[in-house]
Amino acid sequence: MTTIAANLQRVRAQIDQACAASGRKATEVGLLAVSKTFAVEAVLEAIAAGQSAFGENYVQEGVEKILALRERRPDARVEWHCIGPVQSNKTRLVASHFDWVQSVDRLKIAQRLSAQRPDDLPHLQVCLQVNIDGGANKSGVTPDELPALAEAVRALPRLRLRGLMCIPEPSDDPQVQHAVFARARALFEQLRAQDGGIDTLSMGMSDDLAAAVAAGSTLVRVGRGIFGHRPRK
Ligand SMILES: *Cc1c(COP(=O)(O)O)cnc(C)c1O
């Protein structure tokens with residue numbers, strides 16, 4: 001078994017264990033393999049091990065990988081998520097190549113993504129990034145601004161709002177982790193009460209996966225835990 005295959009198995013086991021510990025079904029929590037900075041060979045290895053959802057932070061790098069993969073494995077059914085900041089001048093690339101964007105936090109970006117989504121592709125699946133712990137220079141809409149942004153995004157024809165994504169400040173205190181994730185869960189439930197299509201709460205990374213799952217995460221995002229040490233950009 002390759003290292004990546006073994007890592008995937010270990011991370012999946014961690015998720016299953018966290019589900020069991022909080023009385024959830026293992027099938028309720030998906031795993032997004034964050035392949036930023038790793039080569040397309042690493043993605044191919046993960047696909048061979050059964051992984052099908054990948055996340056990229058840097059738009060240009062992500063698109064190059066998506067195109068390279070399509071060339072080498074036209075048969076592979078893979079879902080690509082953009083999880084990094086999206087600038088206005090990158091919306092066309094994102095709309096043309098990704099399946100999901102988890103990092104939408106401004107209406108202007110959402111409007112451009114909708115307008116630029118090619119007609120022959122399905123709706124672009126969208127999560128709103130919410131700044132849950134008030135980090136000053138962080139991306140993400142504030143909880144106060146969230147309902148209005150959600151409503152506006154729902155009205156855009158080529159996007160489908162699926163839920164929320166958050167990236168809390170790292171903490172090694174499980175209680176702090178849990179409190180922050182619980183706030184995200186509450187916002188998610190509010191949104192879901194108004195819209196039956198909301199089903200995705202993307203939170204939890206290698207070090208806070210268990211707390212995120214306990215709080216209701218439906219998608220955890222893991223990079224180094226799967227692909228190993230990240231090469232310098
Ligand atoms: C890089 C990244 C991850 C994965 O982080 P690792 O430390 O590699 O596990 C998850 N989510 C987002 C938004 C990221 O940028």
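What comes next concerns the included structure. Not measured: the values here are computed from a predicted model.

Rules of the game
Residues numbered from 1 in each chain as written. Predicted model: local features only at pLDDT ≥ 70, side-chain atom pairs only at ≥ 80, totals over all residues. Heavy atoms only, no water. Helix = DSSP H or I, 4+ residues; strand = E, 2+ residues; numbered from the N terminus. Rg over C-alpha atoms; globule rule 2.2 N^0.38 Å. Buried < 20%, exposed > 50% of the residue type's maximum accessible area, 1.4 Å probe, protein only. Contact = heavy atoms within 4.5 Å. Areas by Shrake-Rupley, 256 points an atom, 1.4 Å probe, with all protein chains shown as cover. Salt bridge = Lys/Arg side-chain N within 4 Å of Asp/Glu carboxyl O. Core = buried A, V, L, I, M, F, W, Y, C linked by side-chain atoms within 4.5 Å. Patch = residues over 30% accessible without salt bridge, like charges linked within 9 Å, V, L, I, M, F, W, Y side chains within 5 Å. Lys, Arg positive; Asp, Glu negative; His and termini not counted. Charge placed at Lys NZ, Arg CZ, Asp CG, Glu CD. Near = heavy atom within 4 Å. Polar contact = N/O pair within 3.5 Å; in protein donor to acceptor, adjacent residues only side chain to side chain. Nonpolar A, V, L, I, M, F, W, Y, C, P; charged D, E, K, R; others polar. Axes fitted to C-alpha atoms, helices over the stretch in contact; angles between N-to-C directions. Parallel < 35°, antiparallel > 145°, perpendicular 65-115°, else oblique. Left-handed = near helix turned anticlockwise from the far one by under 90°.

1. Focus on the overall build of the protein chain
Per the secondary structure count, the protein chain includes 9 helices and 8 strands. By the compact-globule yardstick of 17 Å for 233 residues, the protein chain fits well, its C-alpha radius of gyration being 17 Å. Dimensions of the protein chain, computed from C-alpha atoms along their principal axes, come out at roughly 50 × 45 × 35 Å. Scored against the burial criterion, the 233 residues of the protein chain give a buried share of 51%. Long-range pairs, those at least 24 residues apart, make up 62% of the contacts in the protein chain with a sequence separation of at least 6. Per element, the accessible surface of the protein chain, about 11300 Å² overall, is 50% carbon and sulfur.

2. Remarks on the pattern of salt bridges
Taken as a whole and assessed by the stated rule, the structure comprises 10 salt bridges. Across the salt bridge formed by glutamate 61 and lysine 65, the nearest N and O atoms sit 2.7 Å from each other. One end of the pair is glutamate 61 and the other is lysine 65, both in helix α3 (residues 59–72) and 4 residues apart, which spans about a single turn. Under the relative-accessibility criterion, lysine 65 is labelled buried at 7%.

3. Some words on the nonpolar core
With 66 residues, the main nonpolar core has Phe54, Leu113, Leu128, Leu164, Ile226 and Phe227 as its most contacted residues. Setting aside its immediate chain neighbours within four residues, phenylalanine 227 contacts Ile4, Ala33, Val34, Ser35, Phe38, Ala42, Val43, Ala46 and Phe54. Within the second largest apolar cluster, 5 residues are counted, among which are Leu32, Val34, Ala53 and Leu219.

4. Things to note about a positive patch on the surface
There is a patch of like positive charges on the surface, built from Arg92, Arg106, Lys108 and Arg112. Mapped onto the fold, arginine 92 is located in helix α4 (residues 91–97).

5. Quick notes on the site of the ligand
The environment of the ligand is made up of Val34, Lys36, Asn57, Ile83, Ile167, Met205, Ser206, Arg221, Val222, Gly223, Arg224 and Arg230. A distance of 2.7 Å separates an oxygen atom of the ligand from a polar atom in the side chain of lysine 36. Between the ligand and arginine 230, the relevant distance is 2.5 Å, taken from an oxygen atom to a side-chain nitrogen or oxygen of the residue. For the ligand, whose free accessible area comes to 380 Å², the fraction covered by protein is 93%. Its residues assigned to classes, the shell around the ligand shows 5 nonpolar, 3 polar and 4 charged.

6. Focus on the environment of alanine 42
Mapped onto the elements, alanine 42 comes out in helix α2 (residues 40–48). Taking relative accessible area as the criterion, alanine 42 reaches 12% and is therefore assigned buried. Along the primary structure alanine 42 and glutamine 14 are separated by 28 residues, whereas in three dimensions their C-alpha atoms are 21 Å apart.

7. Let's talk about the side chain of arginine 221
Following the sequence through the fold, arginine 221 ends up in strand β8 (residues 219–222). It is aspartate 208 that comes nearest to the buried, bridge-free arginine 221 among opposite-charge side chains, at 7.1 Å. Not counting residues within four places of it along the chain, the set of residues in contact with arginine 221 comprises Leu32, Val34, Ile83, Gln102, Met165, Cys166, Ile167, Ser202, Met203, Gly204, Met205 and Ser206.

8. Topic: the packing of helix α1 (residues 3–21) against α2
The interhelical angle for the contact between α1 and α2, taken along N-to-C directions, is 55°, at an axis separation of 9 Å. Accordingly, the angle class assigned to the pair α1 and α2 is oblique. Every pair of crossing elements has a handedness; the one defined by α1 and α2 is right-handed. Touching Thr3, Ile4 and Leu8 of α1 are Ala42, Glu45 and Ala46, all from α2. In terms of residue class, the contact of α1 with α2 is built from 4 nonpolar, 1 polar and 1 charged.

The values reported here are purely geometric and, on their own, carry no functional implication.
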